[in-house]
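Reading the structure
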Amino acid sequence: AILNDVRAITYGEWVYGAGKGVQNMACFAIGTGIGGGLIIGGKLLLSNGGTAGEFGHLTIDIHGPLCGCGNNGCLEAYASGPAIATMGVRAVEQGWTTKIADLCGGDLNLIDTKLIADAAASGDKVAKDIWESAGYYLGISAANVILISGPERIVISGGVAAAGELLLEPIRKVIRERIFVVPTDKIEVVRGSLGNDAGILGTAKWAEVNNSPD
């Protein structure tokens, strides 16, 4: 079987990166979309046609906005890179007092997750609130994944993960506040450590392991 990109990222982070050393892990890969994968009992979960890990299409709000997949209220509509950038654009268009407007110099096309992270890092409340919102919805999804799969560690990877603690801490907060039936104090939420190499390393290792004789 050939891994798709997000399953390869999951496998790479588990073998070599931020997931190394655990038997159960969930990975959220956040960029233009949101994908992911699950390691359960030391094995990458592939299921029917390799679909396990489509976290971006978990329903967050049954009455929410239309997602590109055709469903309403998917996580991707709230916390993908484009969704976060759109929140920044709206803040400027609506005339809110925010450093996002200063940093983009009036060119709304320049507003991306890095610019919003830069604004938040400089203390801008609007930008911080945007990350808080994205982290909130990711936290809701992560909480659901925790209850289903019981990971010891959740790895947040992809370009949007460059926001670091601006994104990770709201995710941790939601998990602490919403899960009561299993202990959450030992569930780690960390940033992926391999960057753009995660998928390449994961694919190479997967091919090595699955093409070698037992």
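It should be noted that the structure appears before, not after, this text.
Right, let's walk through the structure included here. (Residues numbered from 1 in each chain as written. Predicted model: local features only at pLDDT ≥ 70, side-chain atom pairs only at ≥ 80, totals over all residues. Heavy atoms only, no water.)

1. Brief notes about helix α6 (residues 125–149)
The condition that has to hold: Numbering of helices and strands runs from the N terminus; a helix is a DSSP stretch of H or I covering at least four residues, while a strand is a stretch of E covering at least two. By this rule, a helix spans an expected 1.5 Å times one less than how many residues it contains. Counting of polar contacts relies on pairs of N or O atoms within 3.5 Å, with two restrictions inside protein: one atom must be capable of donating a hydrogen and the other of accepting it, and residues adjacent in sequence are counted only when both atoms are side-chain atoms.
Across its 25 residues, α6 extends 35 Å between first and last C-alpha, which sits within 8% of the 36 Å expected from 1.5 Å per residue. Two to three positions downstream of the cap, the backbone nitrogen of Val126 sits 3.5 Å from a side-chain oxygen, assigning the N-cap of α6 to Asp124. A positive phi of about 60° marks Gly150, the residue just after α6.

2. Some details on the side chain of Ser141
Quick note on the threshold: Using a 1.4 Å probe on the protein chains alone, a residue whose accessible area is under 20% of its type maximum counts as buried, one over 50% counts as exposed, and one in between counts as partly exposed. The contact criterion used is simple: two residues touch if any of their non-hydrogen atoms lie within 4.5 Å.
Secondary-structure assignment places Ser141 in helix α6. When its relative accessible area of 0% is taken as the criterion, Ser141 is described as buried. Discounting residues that sit within four places of it in the chain, Ser141 has contacts with Phe28, Leu58, Ile60 and Leu75.

3. A closer look at the pairing of strand β4 (residues 153–157)
Successive side chains on a regular strand alternate, one facing one side of the sheet and the next facing the other. Under the convention used in this document: Strands are labelled as partners when DSSP assigns at least two bridges between them. The crossover handedness rule: strands pointing away from the viewer, path from first strand over the helix to second strand clockwise, crossover right-handed.
The buried count for β4 comes to five of five residues, which makes it a mostly enclosed element. Side-chain alternation along β4 places Arg153, Val155 and Ser157 on one buried face and Ile154 and Ile156 on a second face that is also buried. Alignment of strand β1 (residues 25–30) against β4, held across five bridges, turns out to be parallel. Paired with Ala26 across the strands is Ile154, a residue of β4. With respect to chirality, the unit in which β4 leads through helix α7 (residues 165–178) into the neighbouring parallel strand β5 (residues 188–191) is right-handed.

4. Re the state of the cysteines
Such a bond, covalent and formed between the sulfur atoms of two cysteines, is termed a disulfide. Here is the rule we go by: Here, two cysteine sulfur atoms that lie within 2.5 Å of each other are counted as a disulfide.
Taken as a whole and judged by the stated rule, the model has zero disulfides. Just so you know, Cys67 is unpaired, no disulfide at all, and the nearest cysteine sulfur is the one on Cys74, 3.9 Å from it. Cys69 supplies the cysteine sulfur nearest to Cys74, a cysteine that is in no disulfide, at a spacing of 3.7 Å. Exposure remark for Cys74: the relative accessible area of 0% places this residue in the buried category.

All we've got here are geometric facts, nothing functional implied.
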